[in-house]
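Here is how the chains run, residue by residue.
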Amino acid sequence: MFGMLAALSGLFLAKEYVKEKTTPVIPASYWRNKRLMDLDQLVLHIPQKQFMKNAANGKYYLPDVPPNAKIVDKEQYENDKKRYTFYQVYRFAEKGKYDGTHSMAQKAGESTSAWMLRISDECKKWNDMIRNNTL
């Protein structure tokens, strides 16, 4: 009786070991697109097997940096990566926090919002001058 139980548990453990070793490891970057994952799971109700297949194929992949983002201020970017979550830094990069305008404002001795207001005011003046043909 004990021998049969030991043999069955040995077969079960061997099966689990083989299953664990043959299951491919999905990279962490393939699990980052939470919006698309939530859409698939909560709204579309796809089966778990299809969800795992999509993750393995890279459907939920999100790169470290948005494709259209320009990282000029690498020091600020690295500091924010340590301080904030991945999604916050990703949104900062999408909005242009690291494209150089922030550091240019600091070099001018202004806060970023004051610098942006000054630049937008100058642009409005130029646009008004162009519209009124007073250039």
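Data block above holds the structure.
Residues numbered from 1 in each chain as written. Predicted model: local features only at pLDDT ≥ 70, side-chain atom pairs only at ≥ 80, totals over all residues. Heavy atoms only, no water.

### Considerations on the layout of surface pockets
The computed volume of the largest pocket comes to approximately 180 Å³. Among the elements of the structure, α2 (34–43) and α5 (86–95) are those that each provide at least two residues to the lining of the largest pocket. Looking at which element gives the most residues to the lining of the largest pocket, the answer is α5, with four residues. The class makeup of the residues in the lining of the largest pocket is three nonpolar, one polar and five charged. (1 Å grid on protein atoms, 1.4 Å probe; cavity = no way out; pocket = protein on both sides within 12 Å on 5 of 7 lines; lining within 4 Å. Points joined across faces, edges and corners; volume = space filled by probe spheres on them. Helix = DSSP H or I, 4+ residues; strand = E, 2+ residues; numbered from the N terminus. Nonpolar A, V, L, I, M, F, W, Y, C, P; charged D, E, K, R; others polar.)

### Details of the nonpolar core
Considering soluble globular proteins, one finds that nonpolar side chains tend to be buried as a cluster. A69, I71, Y77, V89, A93 and Y98 together form the largest nonpolar core, which totals six residues. When residues no more than four places from it in sequence are discounted, the contact partners of Y77 are D64, V65, I71, V89 and Y98. Within the second largest apolar cluster, five residues are counted, among which are I26, M37, F51 and Y60. (Core = buried A, V, L, I, M, F, W, Y, C linked by side-chain atoms within 4.5 Å. Buried < 20%, exposed > 50% of the residue type's maximum accessible area, 1.4 Å probe, protein only. Contact = heavy atoms within 4.5 Å.)

### Focus on the packing of aromatic side chains
Under the counting rule described, the total for this entry stands at seven aromatic pairs. Taking 5.6 Å as the distance between ring centres and 80 degrees as the angle between the ring planes, the aromatic pair formed by Y30 and Y61 counts as edge-to-face. In this pair, Y30 sits in the loop between α1 (2–22) and α2 while Y61 sits in the loop between α3 (48–57) and α4 (74–83), placing the two residues 31 residues apart along the sequence. We classify Y30 as partly exposed; its relative accessible area is 24%. Residue Y61 is classed as partly exposed on the basis of its relative accessible area of 40%. Taken together, a centroid distance of 5.3 Å and an interplanar angle of 80 degrees make the contact between F86 and Y87 edge-to-face. Of the residues examined, F86 reaches a relative accessible area of 24% and is grouped as partly exposed. Judged by its relative accessible area of 29%, Y87 falls in the partly exposed class. (Phe/Tyr/Trp six-rings, centres within 6.5 Å; stacked < 30°, edge-to-face > 60°.)

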